[in-house]
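Chain residues, written in single-letter form:
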Amino acid sequence: NKMERGHVLKLVHQFLHESGMSVAAMAFADHVGEAMEGPFAPPSGSLLRILDEYTDMKKANEPKEEIFRVPEELLKEGDGEHCRTELATLRGIHDTNIVAVELLADGTLLTGGVDRTLRVSTLAGLPEAAVVERTRPGVALGGPVLTLAAHPIHTHLVATGDMAGGVALVDSNTGIVITTLALHGKYVVRVRWSPDGRTLAAASYDRSVSVLAYSHDTPSEPLRLIKKLSFQGAAECVVFTPALSSAPATAAAAATSSPDADGSGAGDLSLDTPELIVSVRDDHRLHIFSLPDLTPRTINMNAFGDTHVSFAALDVSVSPDGKYILVSTDRDRLILFDRLTGAVLLNFYGASNDGYSQPRHCWHPSGLYLYASSQDHAILVWEIGTQRIVARLEGHTATIRDIRYNDTHRLLVSTGFDRTVKLWTPEIC
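In short, a report on the structure. All values derive from a computational prediction rather than experimental measurement.

Reading guide: rules and limits
- Here the residue index of a chain counts from 1 through its sequence in written order.
- The predicted origin of the model limits local features to residues at a pLDDT of at least 70 and limits the giving and counting of side-chain atom pairs to 80 or more, whereas totals for whole chains, interfaces and linings rest on all residues.
- Derived side-chain values reflect all non-hydrogen atoms in the structure, with water molecules and hydrogen atoms excluded from consideration.
- Numbered from the N terminus, helices here are DSSP runs of H or I no shorter than four residues, and strands are runs of E no shorter than two.
- When accessible area is computed with a 1.4 Å probe and restricted to protein chains, residues below 20% of their type maximum are described as buried, those above 50% as exposed, and intermediate ones as partly exposed.
- Per-residue and other accessible areas follow the Shrake-Rupley method at a 1.4 Å probe size, with only the shown protein chains counted as cover for residues.
- Grouping buried Ala, Val, Leu, Ile, Met, Phe, Trp, Tyr and Cys residues that are joined through side-chain atoms within 4.5 Å yields what is termed a nonpolar core.
- Pairs of residues are marked as contacts when any of their non-hydrogen atoms sit within 4.5 Å.
- Should DSSP find at least two bridges between two strands, the strands are regarded as paired.
- Working convention: axes come from line fits to C-alpha atoms, limited for helices to the stretch in contact. Angles between N-to-C directions cover 0 to 180 degrees.
- Two aromatic rings from Phe, Tyr or Trp, using only the six-membered ring of Trp, form a pair when their centres are within 6.5 Å; if the ring planes differ by under 30 degrees the pair is stacked, by over 60 it is edge-to-face, and anything between is tilted.

**Remarks on the overall build of the protein**
Helix and strand counts for the protein stand at 4 helices and 29 strands. With 429 residues in all, the protein has 54% of them scored as buried. Working note: accessible area of the protein is about 19,000 Å², and carbon and sulfur atoms make up 51% of it.

Now the structure itself:
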């Protein structure tokens, strides 16, 4: 069926408005007049989605036999409990750009900057307010800090990665660097712990990922290299999935997520084992390794199964229930995949990003919303069920480099090159 003319006009108007061309959008609306009237309300980025789907169809040599339906649980209406208001702006923690941030349940704020330090601040007044009660002297590290992650159980232990290729473990209570490992020849851009805290992964631009075992019982060697995984491009992101009780994959799932053209894959799949997901530049696949044996499989990120690299997966996360994988790309698009089958389920448009951006995103713990940075210095909030942008969090004046959600305080925390840390609340202040 052909799309009605009024729907097409609304798609063009929406594209102009979401692209920041407000003057052109107003002129367009004045010109077409009543032709755009009607109840049709397209999700954000609909015109780009249609064009992307058309491009994918042209590239496909053969259509897939399986048609994947979007699970009903993903189409739930939001409850309105997403962050929408700036609670506080914290300044003066670093005198240089801040690249990484995390807010802990006890009100400890961890930040890493290009001044080569990890800083530990104590916030008071949460969640109704946020005041820096104390910032301890910076913990000096081997290079500008690009990433950090607090241990999921022993939260005073903080892993960091830096521009010198080092991975460090720091006791944030004492400021002591427990160990430093020179594991990589280029930037370490992401460190993440497994949910049980027994494994740490570090992604580097030297085209490798280090997988390390952590032991609280061996203080002389708390981190031990298990394996270094090598790839054809720079490793951009690592993330662990939680264990998920689930039936084994169907034959259709195995056909989608097991061997690609290069023969890699894990055959029969089961999601009752935690996995490590790696995204790599110049690669059309997500690389996934089961724990503890690191058995590999891959997911082809192209909807029609081709090997063309049409975007880079720059940030990856797993849904709160462990069933879905969300990817931020170097295009104006976030993609939601089924973790089991690898099927493309939903697309989210409206962010402004390109090959030079470093987008970041995170889930709301309800699974009903997602937050993602945009190159225009805003954080966009999508309602997953409708794929519509329901809020724009504006206030940063330079590139946003990290965003995290703290479920204890129901706050979103963000930081970036404007040298501030911002906290966002669902309450209307």
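**Let's talk about the nonpolar core**
Judged by nonpolar contacts, the single largest core of 18 residues is most densely connected at Val 209, Leu 229, Phe 231, Val 238, Leu 276 and Val 278. Once residues within four sequence positions are removed from consideration, Leu 229 is found in contact with Arg 207, Ser 208, Val 209, Val 211, Leu 276 and Phe 289. Judged by nonpolar contacts, the second largest core, of 17 residues, contains Leu 326, Leu 334, Trp 363 and Leu 380.

**Section: unusual backbone geometry**
With the exception of glycine, the majority of residues adopt a negative phi angle, and the majority of peptide bonds are in the trans configuration. Note that the residue after Leu 126, namely Pro 127, is joined by a cis bond; omega there is 0 degrees. Tracing the backbone shows Pro 127 in the loop between β4 (117-124) and β5 (131-135). Between Leu 291 and Pro 292 the backbone carries a cis peptide bond, its omega angle lying at 10 degrees. Within the fold, Pro 292 resides in the loop between β17 (285-290) and β18 (296-300). Positive phi values are uncommon outside glycine, yet Asp 282 reaches one of about 55 degrees. In this structure, Asp 282 sits in the loop between β16 (275-280) and β17.

**What to know about the sheet that holds β17**
If you walk across this open sheet you meet the 4 strands as β15-β16-β17-β18, and the pairing is antiparallel. At either margin of the open sheet sits one strand with a lone partner, and together these are β15 (235-240) and β18. Averaged over all adjacent pairs, the angle separating strand axes in this sheet is 25 degrees, with direction ignored. Note: β17 against β18, 5 bridges, orientation antiparallel. Across the sheet, Ile 288 pairs through a bridge with Arg 297, a residue of β18.

**Here we look at the sheet that holds strand β21 (residues 333-338)**
Reading across from one edge, β19-β20-β21-β22 is the order of the 4 strands in this open sheet, with antiparallel pairing throughout. Two strands bound the open sheet, and with one partner strand each, they are β19 (313-318) and β22 (344-349). Within the sheet, the average angular offset between the axes of one strand and its neighbour, ignoring direction, is 20 degrees. Two strands pair when backbone bridges link them, and β19 and strand β20 (residues 324-329) are joined in this way by 5 bridges, in the antiparallel orientation. By the bridge assignment for β20, Asp 315 is matched with Ser 328.

**A closer look at the environment of Ala 149**
Residue placement: Ala 149 occurs in strand β7 (residues 145-150). Put simply, Ala 149 and Trp 193 are 44 residues apart on the chain and 7.1 Å apart in space, counted from C-alpha to C-alpha. Not counting residues within four places of it along the chain, the set of residues in contact with Ala 149 comprises Glu 102, Leu 157, Val 158, Ala 159, Val 191, Arg 192 and Trp 193.

**Some remarks on the packing of aromatic side chains**
In total, this model carries 5 aromatic pairs according to the counting rule given. On the basis of an interplanar angle of 70 degrees and a centroid distance of 6.2 Å, the ring pair of Phe 231 and Phe 289 is categorised as edge-to-face. Here Phe 231, found in the loop between β14 (223-230) and β15, pairs with Phe 289, found in strand β17; they are 58 residues apart in sequence, far enough to count as distant. With relative accessibility at 8%, the residue Phe 289 sits in the buried group.

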